[in-house]
Amino acid sequence: MKTALILEGGAMRGIYTSGVLDVFLDHGIRFDGVIGVSAGAIHGATYVAEQNRRNIRYYKRYRSDKHFMSLYSLITTGDIVGKDFCYRDIPDNLDPFDYETFKNSDTDFYAVVTDLETGKPAYALIKDLKAQMEYLRASASMPLVSRIVEIGGRKLLDGGVSDSIPVRAAQKLGYDKIVVVQTQDESYVKSPEGSLISDAMYREYPNFVRTIRNRHNMYNSQKKLVSELEQSGEIFAIRPSYKTDIGRMEKDIWKIEEMYQLGRYDAESCIDDMIKYLED
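Notes on the structure in this doc start here. (Residues numbered from 1 in each chain as written. Predicted model: local features only at pLDDT ≥ 70, side-chain atom pairs only at ≥ 80, totals over all residues. Heavy atoms only, no water.)

### A short note on the nonpolar core
Then comes step 1: Judged by nonpolar contacts, the single largest core of 76 residues is most densely connected at Leu-5, Phe-24, Phe-68, Phe-109 and Met-274.
Then comes step 2: Of all the elements, helix H12 (residues 253–279) adds the most residues to this core, at 10 residues.
Then comes step 3: Not counting the four nearest positions on each side in its chain, Phe-24 is found in contact with Leu-5, Ile-29, Phe-31, Tyr-47, Ile-238, Ile-271 and Met-274.
Then comes step 4: Grouped together as the second largest cluster of nonpolar side chains are 8 residues, Leu-116, Leu-157, Tyr-205 and Ile-212 included. (Core = buried A, V, L, I, M, F, W, Y, C linked by side-chain atoms within 4.5 Å. Buried < 20%, exposed > 50% of the residue type's maximum accessible area, 1.4 Å probe, protein only. Helix = DSSP H or I, 4+ residues; strand = E, 2+ residues; numbered from the N terminus. Contact = heavy atoms within 4.5 Å.)

Right, dumping it as structure tokens:
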């Protein structure tokens, strides 16, 4: 039986996922495949590299740095998340990423991206993160506040736009047992997105515009699917056990810590049931 871990995005809300994954590392729980979306890809990569508590450490340390995630970065570089600071300075120098452990891992790691030309998701298999870092950046590049990432002639942005919770993709990839980590509580319903601004900014990519406009329908139907498959015992899901108040660009260290600790608490609360699901 092949096991897969699916990690939803959510910008700073994704620190919940980091809490969950650190508990998995504490218990020595590994998967055959990890499929990360946006912030989920960021946290998933650190999990594959087996760097327990790394993400909460540097989030708390650099959350208020103007080069991390800020309007300053957006105005000066075109990216709200600083490209050089977040994808070079931190992993290469300030809080080194373990590229070798990632590269030598038996876990297949996929970063979900959205192709602007087609408006459809793509699943980039990353074997060497240092060489393929642009896929990770593309997966987490939010529309309107990020420059388009070009890789091999393809124009890419945030994977969450086209496949927020890729359960069906995991099944097509041949995974039998699937654990999903969501970053919204059970009651959350996504509202319509898209605007005249996004229509104008991406007018050269009508398929992408349609995907943005339909994102709420896609997300809500995927969330419903997760609940249905969870109830039937086909997948296992972990999500915030209560509604949280944390912004996409949150700077409040206490809210960030609360979200991280909630992830740890929820994971510890269901760890035995999850292990049983994976082993049955």
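### A closer look at the side chain of Asp-163
Then comes step 1: Mapped onto the elements, Asp-163 comes out in the loop between strand S6 (154–158) and helix H8 (167–172).
Then comes step 2: For the buried Asp-163, which has no salt bridge, the nearest side chain bearing the opposite charge is Lys-172, at an N-O separation of 8.2 Å.
Then comes step 3: Side chain to side chain, Asp-163 and Tyr-123 meet in a polar contact 2.5 Å long. (Lys, Arg positive; Asp, Glu negative; His and termini not counted. Salt bridge = Lys/Arg side-chain N within 4 Å of Asp/Glu carboxyl O. Polar contact = N/O pair within 3.5 Å; in protein donor to acceptor, adjacent residues only side chain to side chain.)

### Observations regarding the pairing of strand S7 (residues 177–181)
Then comes step 1: When you tally the buried positions in S7, you get 5 out of 5 residues, the bulk of the element.
Then comes step 2: In S7, alternate side chains face the same way, and those of Lys-177, Val-179 and Val-181 on one face and Ile-178 and Val-180 on the other are all buried.
Then comes step 3: By the bridge criterion, 5 bridges tie strand S1 (residues 3–7) to S7 in an arrangement that is parallel. The residue of S7 that forms the bridge with Thr-3 is Lys-177. (Pairing = 2+ DSSP bridges.)

### Thoughts on the side chain of His-216
Then comes step 1: Within the secondary structure layout, His-216 lies in helix H11 (residues 215–231).
Then comes step 2: Judged by its relative accessible area of 14%, His-216 is buried.
Then comes step 3: Those residues in contact with His-216, other than ones at most four positions away along the chain, are Lys-190, Ser-191, Pro-192 and Glu-193.

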